[in-house]
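Fold and geometry: a report
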Amino acid sequence: MWWRWLTQRDTWMWFAIAVLVRGALFHVFLHEHGLHGAWYGWGEETGDTSGYFVPIDSFLSGNSYRPDHRMPGYGLPYLLFRLYTTPQGAGTAIVFAQWLLGVVSVVVLARCARLLGAQRWVQYVICCAFAAFPRVAVYDVYWFTESFCCSAMIFGTHAWIVYHRSGSRSLLLWSGAWMTWAVFLRPVQLVWLLMLAVSVLAITRTSWRERAIAIALLLSPFLLADGWWMRRNAIMHGELAPLSRGVITPELLSSPMHPLMRFLQATGGNYIHWDPSAHIRWFNMREGPLGRQGPRIDTNVVMPDFALCERITEDSLHAWANDMLRWSDGRTTGEERIALFRLMNARSDRFVRYYSDDAAWQHAVGSRLRLTALFFNRAGSGPLFHTPPNAIAWMAPPIRALDAIMHWIILIGGLLAAVRTLLRWRRERLIAWLGALTLLGVLIVPWVLRLCEGRYLVPMYPWLLLLFVMGLGRLTVARSRRTAN
């Protein structure tokens, strides 16, 4: 089957499009972000980068995998490259590996459309659009989990689709392996993996025994890998930790940023401190755990007046901002900072309780709607280009415009198409299940996790795009039939 697919003319056309288009964007973004002397070689380093790579270097030096608050999914390819080269060589190799898997993922996504019955022009539109989407391509040059996670989810879901089309149970092991890696890259993707397993019960018409075997095959890679991870955590820390050992890093837990984040997440504010317009910056909490002013200048920062209620007043918020100013003052002693930190933690717990009691509707629904709006506006995602651009400056305006247009068309069109698939559940169960997965994958971030950072949307773009363009294809077929009649 794979050999027959690789000998098809369309497959090689898709590869050519992916290499040329995604390669061109890789060239632009590598010059913009990746050739400027980062510690790990050619790539864009972020505040999270060391959390992925330092534990691997620690492991290689004989000191075990520490610090270990992150799962080792992103560290695994770094480990493989580090066995043969330096940290700089391994970091550079990861950037090129992200681009390579990204190219293959473009082709595999187009094949997903074919397997789901899309017209040929729909397959080509999906291929071209996904290859040309700047907001996905830019993560090929970042040391972040988004690029690998996006590719792994496409490979894993593709194998799941092939299973439902062909009944080949061996593909479920392949699907489970890729999805296991996606979970180890971003633990929230466990929901996607579990829903793939549930689909075996909901969609297939085989016997219960065969469905049980299929589910076991799909989940076995994750159960083996996570079983090893849980055993390791139990030995090292004496605790049951099936996924990451906490969403919050130790540095953040000991920073006054954390109580501010909890309060803003409960009320629906922008807690992303490096976003120049974030509400958290109004509280004098700026870049990094120390909260001091960094290179970013505040833009349109306002007090979160939506957080006001009967027992949370403007004066109380101003008092919090003043305490934060004192905490970050270099003249404040260590004992005073400890007292201020305890005060802010207690205030956060108290204010969250006040808000849930005095503004119950806002806490339960309004805050999540605001977080969703921030999420869809890609809060904290950062610009595609520096100001001014580091290189190829003339390409920055058209790429920015293309990115904004594609984001909103794919997001809105994909969400509407996903809802439409649910209405056609009885006719097209496989596509409807994919629509439900996509809606869940998008909305779980602001509604369940209460997060709003825009990069968490990246692994959902392929499925939003696929559903949107396939929906357009279905509409054109329906319209042509009506015209013919």
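Structural notes, computed from the coordinates. All figures in this text were calculated on a predicted structure; none of them were measured in a lab.

Reading the values: the criteria
- Residues numbered from 1 in each chain as written.
- Predicted model: local features only at pLDDT ≥ 70, side-chain atom pairs only at ≥ 80, totals over all residues.
- Heavy atoms only, no water.
- Phe/Tyr/Trp six-rings, centres within 6.5 Å; stacked < 30°, edge-to-face > 60°.
- Helix = DSSP H or I, 4+ residues; strand = E, 2+ residues; numbered from the N terminus.
- Buried < 20%, exposed > 50% of the residue type's maximum accessible area, 1.4 Å probe, protein only.
- Expected span 1.5 Å × (residues − 1).
- Axes fitted to C-alpha atoms, helices over the stretch in contact; angles between N-to-C directions.
- Parallel < 35°, antiparallel > 145°, perpendicular 65-115°, else oblique.
- Contact = heavy atoms within 4.5 Å.
- Nonpolar A, V, L, I, M, F, W, Y, C, P; charged D, E, K, R; others polar.
- Core = buried A, V, L, I, M, F, W, Y, C linked by side-chain atoms within 4.5 Å.
- Salt bridge = Lys/Arg side-chain N within 4 Å of Asp/Glu carboxyl O.

So, the packing of aromatic side chains
- Inspection of the entire model under this criterion finds 35 aromatic pairs.
- An angle of 80° between the planes, with centres 5.7 Å apart, marks the rings of Trp174 and Trp178 as edge-to-face. Remark: Trp178 and Trp174 occur in helix α9 (residues 170–185); sequence separation between them is 4 residues, near one turn of the helix.
- For Trp174, a relative accessible area of 43% gives the class partly exposed.
- An aromatic cluster is defined as three or more aromatic residues linked by ring pairs; in this entry it consists of Trp39, Tyr40, Tyr52, Phe53, Tyr74, Tyr78, Trp143, Phe148, Phe155, Trp174, Trp178 and Trp181.

A look at helix α15 (residues 334–358)
- End to end, α15 covers 35 Å across 25 residues, agreeing with the expected 36 Å (1.5 Å per residue, within 8%).
- Along α15, the positions that sit buried rather than exposed are Arg337, Leu340, Phe341, Met344, Asn345, Arg347, Ser348, Phe351, Tyr354 and Tyr355.

Here we look at the packing of helix α8 (residues 146–166) against helix α10 (residues 190–203)
- Two elements in contact, α8 and α10, have axes separated by 12 Å at closest approach and are oriented at 5°. In terms of their interaxial angle, α8 and α10 are classed as roughly parallel. Contact residues: Met153, Thr157, Trp160, Tyr163 and His164 in α8; Trp192, Leu196, Ser199, Val200 and Ile203 in α10.
- Within the contact of α8 with α10, the residues separate by chemical class into 7 nonpolar, 3 polar and no charged.

Some details on the nonpolar core
- With 150 residues, the main nonpolar core has Phe29, Ile126, Trp192, Phe263, Phe283 and Leu466 as its most contacted residues.
- A total of 13 residues in this core trace back to one element, the largest contributor, which is helix α5 (residues 87–115).
- Excluding anything up to four places from it in sequence, Ile126 contacts Leu109, Ala113, Leu465, Leu466, Val469 and Met470.

Observations concerning the pattern of salt bridges
- Tallying each qualifying case throughout the model produces 20 salt bridges.
- Put simply, Arg186 and Glu146 hold a salt bridge, and the shortest N to O gap is 3.8 Å. Placement of the pair is Arg186 in the loop between α9 and α10 and Glu146 in helix α8, with a sequence separation of 40 residues.
- Looking at Arg186, the relative accessible area reads 7%, which means it is buried.
- The closest approach of N and O atoms between Asp358 and Arg311, which form a salt bridge, is 3.0 Å. Here Arg311 lies in the loop between α13 (257–267) and α14 (314–328) and Asp358 lies in helix α15, a separation of 47 residues in the sequence.
- Residue class for Asp358 comes out partly exposed when judged on its relative accessible area of 29%.
- Taking the relative accessible area as the measure of exposure, Arg311 reaches 39% and is therefore partly exposed.
- Linked through salt bridges whose partners overlap, the residues forming this network are Asp48, Arg70, Glu146, Arg186, Glu453 and Arg455.

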